[in-house]
Amino acid sequence: MSKALVVFSGGQDSTTCLFWAKSKFDEVEAVAFDYGQKHRNELDVAAKIAKQAAVPLAIYPLNVLGQLSRNALTDSSLEVEAEKPADRPPNTLVEGRNMLFLTYAAILAKGKGISNLITGVGQADYSGYPDCRDEFIRSLNQTLNLSMDYQYQIHTPLMWKSKAEVWQLADELGVFDLVRVETLTCYNGVPGDGCGACPACKLRNNGLDTYLKIRATGDAKLP
(Lines give C-alpha, C1' and ligand atoms only; values in the text may rest on other atoms or scores of the structure.)
Protein backbone atom coordinates (compact mmCIF):
# COMPACT_ATOMS: atom_id res chain seq x y z
CA MET A 1 0.00 0.00 0.00
CA SER A 2 1.23 3.51 -0.82
CA LYS A 3 1.75 5.79 2.17
CA ALA A 4 2.34 9.54 2.43
CA LEU A 5 3.19 12.05 5.13
CA VAL A 6 1.86 15.61 4.74
CA VAL A 7 3.58 18.62 6.32
CA PHE A 8 0.45 20.25 7.67
CA SER A 9 -0.39 23.63 9.18
CA GLY A 10 -4.15 23.90 8.83
CA GLY A 11 -3.83 26.65 6.21
CA GLN A 12 -5.32 26.80 2.74
CA ASP A 13 -2.36 25.27 0.94
CA SER A 14 -1.53 22.42 3.30
CA THR A 15 -5.21 21.52 3.73
CA THR A 16 -5.65 21.31 -0.03
CA CYS A 17 -2.54 19.11 -0.11
CA LEU A 18 -3.92 16.91 2.67
CA PHE A 19 -7.02 16.09 0.65
CA TRP A 20 -4.98 15.78 -2.54
CA ALA A 21 -2.88 13.19 -0.73
CA LYS A 22 -6.01 11.32 0.37
CA SER A 23 -7.05 11.09 -3.28
CA LYS A 24 -3.65 9.72 -4.36
CA PHE A 25 -2.41 7.43 -1.58
CA ASP A 26 -3.80 4.49 0.35
CA GLU A 27 -2.65 5.77 3.74
CA VAL A 28 -2.00 9.36 4.76
CA GLU A 29 -0.55 10.82 7.94
CA ALA A 30 0.23 14.43 8.82
CA VAL A 31 2.81 16.27 10.90
CA ALA A 32 2.73 19.84 12.21
CA PHE A 33 5.27 21.92 14.10
CA ASP A 34 5.00 24.38 16.94
CA TYR A 35 7.83 26.78 16.12
CA GLY A 36 6.70 29.58 18.42
CA GLN A 37 4.46 31.18 15.80
CA LYS A 38 2.29 34.03 17.09
CA HIS A 39 -0.65 32.57 15.18
CA ARG A 40 -0.17 29.25 16.97
CA ASN A 41 -3.95 28.68 17.04
CA GLU A 42 -3.27 27.27 13.55
CA LEU A 43 -2.26 24.08 15.38
CA ASP A 44 -5.75 23.76 16.89
CA VAL A 45 -7.21 24.31 13.43
CA ALA A 46 -4.86 21.69 12.00
CA ALA A 47 -5.91 19.16 14.63
CA LYS A 48 -9.59 19.80 13.93
CA ILE A 49 -9.22 19.44 10.16
CA ALA A 50 -7.04 16.33 10.46
CA LYS A 51 -9.72 14.74 12.65
CA GLN A 52 -12.40 15.56 10.08
CA ALA A 53 -10.23 14.06 7.37
CA ALA A 54 -9.57 10.96 9.50
CA VAL A 55 -5.82 11.54 9.16
CA PRO A 56 -3.49 10.93 12.14
CA LEU A 57 -1.67 14.13 13.10
CA ALA A 58 1.52 14.44 15.15
CA ILE A 59 2.63 17.86 16.47
CA TYR A 60 6.23 18.48 17.50
CA PRO A 61 7.94 21.52 19.08
CA LEU A 62 10.58 23.48 17.15
CA ASN A 63 10.57 26.58 19.32
CA VAL A 64 14.25 27.25 18.80
CA LEU A 65 13.51 28.72 15.37
CA GLY A 66 12.28 31.96 16.88
CA GLN A 67 15.50 32.28 18.86
CA LEU A 68 17.82 31.89 15.87
CA SER A 69 16.54 34.74 13.71
CA ARG A 70 14.12 37.64 13.96
CA ASN A 71 10.91 37.46 11.98
CA ALA A 72 7.40 38.83 12.32
CA LEU A 73 5.80 35.41 12.79
CA THR A 74 7.66 34.61 16.03
CA ASP A 75 8.76 38.01 17.38
CA SER A 76 5.96 39.96 19.06
CA SER A 77 7.95 43.20 18.73
CA LEU A 78 7.84 43.03 14.91
CA GLU A 79 4.76 44.02 12.90
CA VAL A 80 3.92 42.04 9.79
CA GLU A 81 4.85 44.09 6.74
CA ALA A 82 1.78 44.97 4.70
CA GLU A 83 3.68 44.84 1.41
CA LYS A 84 6.72 42.87 0.25
CA PRO A 85 9.87 45.02 0.18
CA ALA A 86 11.45 45.40 -3.24
CA ASP A 87 14.98 44.52 -2.16
CA ARG A 88 14.51 41.58 0.22
CA PRO A 89 12.07 38.89 1.35
CA PRO A 90 9.27 40.01 3.68
CA ASN A 91 9.88 39.98 7.42
CA THR A 92 7.48 37.02 7.70
CA LEU A 93 10.20 34.78 6.27
CA VAL A 94 11.21 32.24 8.94
CA GLU A 95 14.72 31.32 7.86
CA GLY A 96 15.16 27.61 7.19
CA ARG A 97 11.59 26.72 8.16
CA ASN A 98 10.65 24.55 5.20
CA MET A 99 14.05 22.85 5.17
CA LEU A 100 13.70 21.95 8.84
CA PHE A 101 10.06 20.91 8.54
CA LEU A 102 10.81 18.58 5.66
CA THR A 103 13.93 17.21 7.31
CA TYR A 104 12.09 16.35 10.52
CA ALA A 105 9.20 14.99 8.48
CA ALA A 106 11.64 12.78 6.57
CA ILE A 107 13.09 11.38 9.78
CA LEU A 108 9.60 10.61 11.05
CA ALA A 109 8.56 9.12 7.72
CA LYS A 110 11.53 6.76 7.47
CA GLY A 111 10.70 5.27 10.85
CA LYS A 112 7.19 4.60 9.59
CA GLY A 113 8.27 3.15 6.27
CA ILE A 114 6.88 6.15 4.37
CA SER A 115 8.76 7.49 1.37
CA ASN A 116 6.29 10.08 0.04
CA LEU A 117 6.48 13.55 1.60
CA ILE A 118 3.98 16.24 0.66
CA THR A 119 4.29 19.98 1.19
CA GLY A 120 2.17 22.91 0.07
CA VAL A 121 4.95 25.20 -1.12
CA GLY A 122 4.49 26.96 -4.44
CA GLN A 123 6.66 29.07 -6.69
CA ALA A 124 3.88 30.81 -8.64
CA ASP A 125 2.63 32.77 -5.60
CA TYR A 126 5.55 32.27 -3.25
CA SER A 127 5.73 35.73 -1.61
CA GLY A 128 9.48 35.96 -2.08
CA TYR A 129 10.30 33.00 0.19
CA PRO A 130 13.39 31.25 -1.23
CA ASP A 131 12.49 27.94 0.44
CA CYS A 132 9.29 27.67 -1.60
CA ARG A 133 11.11 27.36 -4.92
CA ASP A 134 11.15 24.21 -7.02
CA GLU A 135 14.93 24.34 -7.25
CA PHE A 136 15.21 24.20 -3.46
CA ILE A 137 12.76 21.30 -3.13
CA ARG A 138 14.58 19.23 -5.75
CA SER A 139 17.91 19.92 -4.06
CA LEU A 140 16.59 19.03 -0.62
CA ASN A 141 15.02 15.84 -1.97
CA GLN A 142 18.41 14.67 -3.19
CA THR A 143 20.09 15.70 0.06
CA LEU A 144 17.56 13.79 2.16
CA ASN A 145 17.98 10.70 0.01
CA LEU A 146 21.75 10.85 0.45
CA SER A 147 21.79 11.78 4.11
CA MET A 148 19.48 8.97 5.19
CA ASP A 149 20.16 6.45 2.43
CA TYR A 150 16.45 6.28 1.74
CA GLN A 151 14.48 7.03 -1.41
CA TYR A 152 12.08 9.85 -0.60
CA GLN A 153 9.89 11.62 -3.08
CA ILE A 154 8.80 15.13 -2.14
CA HIS A 155 5.50 15.97 -3.81
CA THR A 156 4.58 19.63 -4.37
CA PRO A 157 1.12 19.58 -5.99
CA LEU A 158 0.81 23.38 -5.74
CA MET A 159 4.27 24.29 -7.03
CA TRP A 160 3.15 25.94 -10.27
CA LYS A 161 -0.38 26.94 -9.27
CA SER A 162 -1.63 30.46 -8.62
CA LYS A 163 -3.84 30.95 -5.58
CA ALA A 164 -6.87 30.93 -7.88
CA GLU A 165 -5.76 27.53 -9.18
CA VAL A 166 -5.31 26.29 -5.61
CA TRP A 167 -8.93 27.23 -4.96
CA GLN A 168 -9.90 25.37 -8.11
CA LEU A 169 -8.08 22.25 -6.91
CA ALA A 170 -9.85 22.42 -3.54
CA ASP A 171 -13.14 22.64 -5.41
CA GLU A 172 -12.27 19.64 -7.58
CA LEU A 173 -11.38 17.68 -4.44
CA GLY A 174 -14.77 18.51 -2.90
CA VAL A 175 -13.39 20.56 0.01
CA PHE A 176 -13.88 24.12 -1.25
CA ASP A 177 -16.20 25.12 1.61
CA LEU A 178 -14.03 23.45 4.24
CA VAL A 179 -10.94 25.27 2.98
CA ARG A 180 -12.78 28.57 2.74
CA VAL A 181 -14.37 28.49 6.20
CA GLU A 182 -12.24 26.30 8.45
CA THR A 183 -8.60 26.82 7.46
CA LEU A 184 -6.29 29.40 9.00
CA THR A 185 -3.92 31.16 6.62
CA CYS A 186 -3.89 34.59 8.27
CA TYR A 187 -0.67 35.79 9.92
CA ASN A 188 -2.82 37.42 12.61
CA GLY A 189 -4.51 34.14 13.51
CA VAL A 190 -7.99 34.84 12.12
CA PRO A 191 -9.61 31.74 10.53
CA GLY A 192 -11.53 31.72 7.27
CA ASP A 193 -11.26 34.95 5.31
CA GLY A 194 -8.78 36.21 7.92
CA CYS A 195 -7.95 39.78 8.83
CA GLY A 196 -7.96 40.82 5.19
CA ALA A 197 -4.92 43.05 5.65
CA CYS A 198 -1.85 40.85 6.06
CA PRO A 199 -0.01 39.58 2.95
CA ALA A 200 -1.24 36.00 3.44
CA CYS A 201 -4.86 37.16 3.52
CA LYS A 202 -4.46 39.42 0.50
CA LEU A 203 -2.95 36.60 -1.55
CA ARG A 204 -5.59 34.11 -0.43
CA ASN A 205 -8.56 36.42 -0.94
CA ASN A 206 -7.39 37.80 -4.28
CA GLY A 207 -7.10 34.23 -5.53
CA LEU A 208 -10.55 33.43 -4.17
CA ASP A 209 -12.11 36.44 -5.89
CA THR A 210 -10.50 35.47 -9.18
CA TYR A 211 -11.68 31.89 -8.95
CA LEU A 212 -15.24 32.79 -7.91
CA LYS A 213 -15.60 35.15 -10.89
CA ILE A 214 -14.47 32.42 -13.26
CA ARG A 215 -16.67 29.80 -11.62
CA ALA A 216 -19.68 32.12 -11.86
CA THR A 217 -19.36 32.11 -15.65
CA GLY A 218 -19.94 28.37 -15.65
CA ASP A 219 -16.39 27.64 -16.76
CA ALA A 220 -14.45 26.45 -13.71
CA LYS A 221 -11.26 25.99 -15.71
CA LEU A 222 -8.66 28.69 -15.34
CA PRO A 223 -6.55 29.77 -18.34
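Conventions we followed
- Residues numbered from 1 in each chain as written.
- Predicted model: local features only at pLDDT ≥ 70, side-chain atom pairs only at ≥ 80, totals over all residues.
- Heavy atoms only, no water.
- UniProt positions renumbered as here; feature names shortened; annotations may be inferred.
- Core = buried A, V, L, I, M, F, W, Y, C linked by side-chain atoms within 4.5 Å.
- Buried < 20%, exposed > 50% of the residue type's maximum accessible area, 1.4 Å probe, protein only.
- Helix = DSSP H or I, 4+ residues; strand = E, 2+ residues; numbered from the N terminus.
- Contact = heavy atoms within 4.5 Å.
- Pairing = 2+ DSSP bridges.
- Axes fitted to C-alpha atoms, helices over the stretch in contact; angles between N-to-C directions.
- Polar contact = N/O pair within 3.5 Å; in protein donor to acceptor, adjacent residues only side chain to side chain.
- Lys, Arg positive; Asp, Glu negative; His and termini not counted.
- Salt bridge = Lys/Arg side-chain N within 4 Å of Asp/Glu carboxyl O.

If you look the protein chain up in an unreviewed UniProt entry, it shows as 7-cyano-7-deazaguanine synthase from Sunxiuqinia elliptica. Database annotation for the protein chain, UniProt heading Pathway (unreviewed entry): "Purine metabolism; 7-cyano-7-deazaguanine biosynthesis." UniProt, in the comment section headed Function (unreviewed entry), describes the protein chain in these words: "Catalyzes the ATP-dependent conversion of 7-carboxy-7-deazaguanine (CDG) to 7-cyano-7-deazaguanine (preQ(0))."

A. Spotlight on the nonpolar core. One finds L5, L117, L144 and Y152 to be the most contacted residues of the largest nonpolar core, which totals 35 residues. Counting residues per element, the ones that place at least two in this core are β1 (3–7), β2 (27–34), α4 (97–111), α5 (134–148) and α8 (199–216). Of the residues forming this core, the biggest block, six residues, is contributed by α4. Among residues more than four places away in sequence, those in contact with Y152 are A106, I107, A109, K110, I114, S115, L117, N141, L144 and N145. In this structure, F25, A30, L158 and V175 belong to the second largest nonpolar core, which totals 31 residues.

B. How the structure looks around the UniProt feature "binding site: Zn(2+)" (unreviewed entry) in the protein chain. Feature annotation in UniProt places "binding site: Zn(2+)" (unreviewed entry) on C186, C195, C198 and C201, given in this structure's numbering. Maximum C-alpha separation among the annotated residues is 6.9 Å over a sequence range of 16 residues, consistent with a single clustered spot. Here C195 shows up in the loop between α7 (176–182) and α8. Look past the residues within four positions of C195 in its chain and what remains in contact with it is C186, N188, V190 and C201. Counting through the fold element by element, C198 comes out in the loop between α7 and α8. Setting aside anything within four residues of it in sequence, one finds C198 in contact with V80, C186, Y187 and N188.

C. Quick look at the sheet that holds β2. Across the sheet, five strands lie side by side as β3-β2-β1-β4-β5; this open sheet has parallel pairing. Both edges of this open sheet fall to β3 (57–61) and β5 (153–155), since each of them pairs with a single strand only. Between one strand and the next, the sheet's axes are offset by a mean angle of 25°, whatever the strand orientation. Of the pairings in the sheet, the one linking β1 to strand β4 (residues 116–118) comprises three bridges and is parallel in character. Its bridge partner lying in β4, L5 is registered against L117. Against the sheet, helix α2 (residues 42–52) makes contact with β2 and β3, and its axis sits at roughly 160° relative to β3, the strand it touches most. α4 contacts β1, β2, β3, β4 and β5 of the sheet and is inclined by roughly 150° relative to β1.

D. Spatial organisation of the UniProt feature "binding site: ATP" (unreviewed entry) in the protein chain. This chain's UniProt record puts "binding site: ATP" (unreviewed entry) on F8, S9, G10, G11, Q12, D13, S14, T15, T16, C17 and L18. Structurally, the position occupied by T15 is in helix α1 (residues 12–24). By relative accessible area, which is 0% here, T15 ends up buried. Separated by 2.7 Å, the side chain of T15 and the backbone oxygen of G11 make a polar contact.

E. Geometry of the side chain of D131. Secondary-structure assignment places D131 in the loop between β4 and α5. We note that D131 is buried and unpaired, the nearest opposite charge coming from R97 at a distance of 5.4 Å. Once you skip the residues sitting within four places of it in the chain, D131 turns out to touch L93, V94, G96, R97, N98, V121 and F136.

F. Broad picture of the pattern of salt bridges. Using the criterion set out here, one finds eight salt bridges in the structure. Ionic pairing is found between R88 and E81, a salt bridge with its closest N-O pair at 2.5 Å. Among the salt bridges present, the one from D193 reaches R204, with a minimum N-O distance of 3.4 Å. Pair noted here: D193 is in the loop between α7 and α8 and R204 is in helix α8, with a separation of 11 residues, a long-range link. Judged by relative accessible area, D193 falls into the partly exposed class, the value being 40%. The exposure class of R204 is buried, given its relative accessible area of 1%.

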